[in-house]
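Spelled out from the first residue to the last, the chains are:
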Amino acid sequence: MDSALPAPMGSVFAHRDFRLYQAARLFMTLGAQMQSVAVGLHVYGITHRPLDLGYVGLAQFLPMFILSPLTGDVADRYDRRKVLLCCYVTMVVAMLGLFGLAWGGVTETWPLYGVLVLVGTARAFAGPAGQSLVPHMVSPHQLSSAVAWSSTFFQAGTIVGPSMGGMLYDVLQARGVYAVCAALMAAAALLLGSMRVRTGRMDASVSSWQRLLAGLRYVWTQKVVLGAISLDLFAVLLGGAVALLPIYAQDILHTGPWGLGLLRSAPAVGAILVAAWMAFFPLQRNAGAKMLGCVALFGGATVLFGLSRHLVLSLVALVVLGAADMVSVVIRQTLVQLATPAEMRGRVSAVNMVFIGASNELGDFESGATAQWLGVVPAVVAGGVGTCGVVLLWAWLFPALRRISRTEEVRPLRR
């Protein structure tokens, strides 16, 4: 089949391992999203300070940042499925740790942050291994469709997970949610363990500091990849408001845990609709310009959410925000995989995960700190305006990114 043509609808599901992997990711995502809701409510219930919600993100980001050179190297030097399986098992252990703390009636936040560091460590190794594993399950011309379907399953978990977490928190409190999370993640580990794909060593050279930094050097050289992932970094770093949703739910919109679940799920509703559409109808032209435009829309929706005082309007703004972000996610992930040599995908994906972690978890800390300083609403509005400014700047700094028409046209640089 001509690689420039979209893959037939659903053809990626002809691959057994791809089906198992998506089921495993769905269970893992459900557990992770439920855990995020429970931890936010748990921490805010103890201290009632925005800054402490920011520390939740910081505790998970620091391992990702510190370990990033090593995590990508591990994904390139060892079987990626086995690396990912170890990470899933670690997540189960972490959920059991949170369950134990909640069962014991912990009244301080630092033990929770300690377990979240373990969560961040597992995610640091899982990100590069998981992203680099998908190209081994499908053919190259199916990769864009596979990325979109992967995002669809991820967003499905992101829709259902927070709502389940909020409802269960009302009934079972934090310890009950953590127990369910552990069960879901154990199921994910079993599914992953039953997969047949084996990657082996993609790069058998002797490890060295220069090798560990090769991914960062490659990203710096491949300007299309640098522009795509740095755009996401600064846009979401400024525009992210997820860490402040417990405050919006309780103090601004005056809903309970069920309302927080709806708010956490709303971006995924928009995202899954767009991801499903893109899985069947991949972008055929002007991919770079559309990505930039959707990131600007993300910023505008953030401003609307920040100013809203009505639950329905807030949910609509978050749905639009998630839909716009998904276009960027699919294009960026496809570009990163196609523009990177197979033997370097682990290390480049590790760099990508640091950028994603910085935009998400470090963005949570930035949101909490800014809200503590400026106030919750001004912090969210200023972040959305800043995101729009980043889009204009990146359109000027990375003209090659703006001019991309088809993602399939991007090729790895020669080393």
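Residues numbered from 1 in each chain as written. Predicted model: local features only at pLDDT ≥ 70, side-chain atom pairs only at ≥ 80, totals over all residues. Heavy atoms only, no water.

A look at the side chain of Arg 81
- Considering the arrangement of structural elements, one finds Arg 81 in helix α3 (residues 80–103).
- For the buried residue Arg 81, which engages in no salt bridge, the nearest side chain bearing the opposite charge is Asp 79, 4.5 Å off.
- Excluding its chain neighbours within four sequence positions, the residues that come into contact with Arg 81 are Leu 133, Leu 192, Gly 193, Met 195, Val 197 and Arg 198. (Helix = DSSP H or I, 4+ residues; strand = E, 2+ residues; numbered from the N terminus. Buried < 20%, exposed > 50% of the residue type's maximum accessible area, 1.4 Å probe, protein only. Lys, Arg positive; Asp, Glu negative; His and termini not counted. Salt bridge = Lys/Arg side-chain N within 4 Å of Asp/Glu carboxyl O. Contact = heavy atoms within 4.5 Å.)

Here's the deal with the nonpolar core
- Counting 123 residues, the largest nonpolar core has Tyr 21, Tyr 88 and Phe 305 as the members making the most contacts within it.
- Per element, the largest residue contribution to this core is 16 residues, and it comes from helix α5 (residues 143–193).
- Here this core spans two domains, since at least three of its residues come from each of domain 1 (11–197) and domain 2 (206–414).
- Apart from residues lying up to four places away in sequence, Phe 305 is in contact with Ala 241, Leu 245, Tyr 248, Leu 263, Ser 314, Ala 317, Leu 318 and Val 380. (Core = buried A, V, L, I, M, F, W, Y, C linked by side-chain atoms within 4.5 Å. Domains from an automatic or database assignment.)

Considering the packing of aromatic side chains
- A complete count under the given rule lists four aromatic pairs for this structure.
- For the ring pair Phe 99 and Trp 103, a centre distance of 5.7 Å and an interplane angle of 40° mean the geometry is tilted. Separated by four residues within a single helix, Phe 99 and Trp 103 lie in helix α3, roughly one turn from each other.
- Under the relative-accessibility criterion, Phe 99 is labelled partly exposed at 27%.
- Where Trp 394 meets Phe 398, the ring centres are 6.0 Å apart and the plane angle is 40°; that geometry is what we call tilted.
- A residue is classified by how much of its surface remains accessible, and Phe 398, at 14% relative accessible area, is buried.
- The ring of Trp 103 carries the charged tip of Arg 175 above its face, separated from the ring centre by 4.5 Å. (Phe/Tyr/Trp six-rings, centres within 6.5 Å; stacked < 30°, edge-to-face > 60°. Lys NZ or Arg CZ within 6 Å of the ring centre and 35° of its normal.)

So, the packing of α5 against helix α12 (residues 311–338)
- Closest axis-to-axis distance for the α5/α12 pair is 9 Å, and the angle between their directions is 135°. What the angle tells us is that α5 and α12 run oblique. In terms of crossing hand, the pair formed by α5 and α12 is right-handed. Residues Leu 143, Ser 144, Val 147, Ala 148, Ser 151 and Gln 155 of α5 lie in contact with α12, whose contacting residues are Met 326, Val 329, Val 330, Gln 333, Thr 334, Gln 337 and Leu 338.
- Across the contact of α5 with α12, the residue classes break down as seven nonpolar, six polar and no charged. (Axes fitted to C-alpha atoms, helices over the stretch in contact; angles between N-to-C directions. Parallel < 35°, antiparallel > 145°, perpendicular 65-115°, else oblique. Left-handed = near helix turned anticlockwise from the far one by under 90°. Nonpolar A, V, L, I, M, F, W, Y, C, P; charged D, E, K, R; others polar.)

Comments concerning a nonpolar patch on the surface
- Nonpolar side chains collect at one region of the surface, where Leu 297, Leu 304, Val 312, Leu 313, Val 316 and Val 320 lie side by side and expose about 470 Å² of accessible area between them.
- Elements with a minimum of two residues in the nonpolar patch: α11 (287–307) and α12.
- Inspection of the secondary structure assignment puts Leu 297 in helix α11. (Patch = residues over 30% accessible without salt bridge, like charges linked within 9 Å, V, L, I, M, F, W, Y side chains within 5 Å. Areas by Shrake-Rupley, 256 points an atom, 1.4 Å probe, with all protein chains shown as cover.)

Focus on the UniProt feature "transmembrane region" (unreviewed entry) in the chain
- According to UniProt, the positions carrying the feature "transmembrane region" (unreviewed entry) are residues 53–71, 83–106, 175–193, 224–249, 261–283, 295–324 and 373–397.
- Summarising residues 175–193: 100% helix, 0% strand, and an end-to-end C-alpha distance of 27 Å.
- Counting secondary structure, residues 373–397 comes out at 96% helix and 0% strand; the distance between its end C-alpha atoms is 31 Å. (UniProt positions renumbered as here; feature names shortened; annotations may be inferred.)

A word on the pattern of salt bridges
- According to the stated counting rule, one finds two salt bridges in the structure shown.
- Across the pair Arg 16 and Asp 17 runs a salt bridge, and its minimum N-O distance is 3.3 Å.
- The exposure class assigned to Asp 17 is buried, which follows from its relative accessible area of 12%.
- Among the salt bridges present, the one from Asp 52 reaches Arg 49, with a minimum N-O distance of 2.8 Å.
- Note on Asp 52: relative accessible area 5%, which makes it buried.

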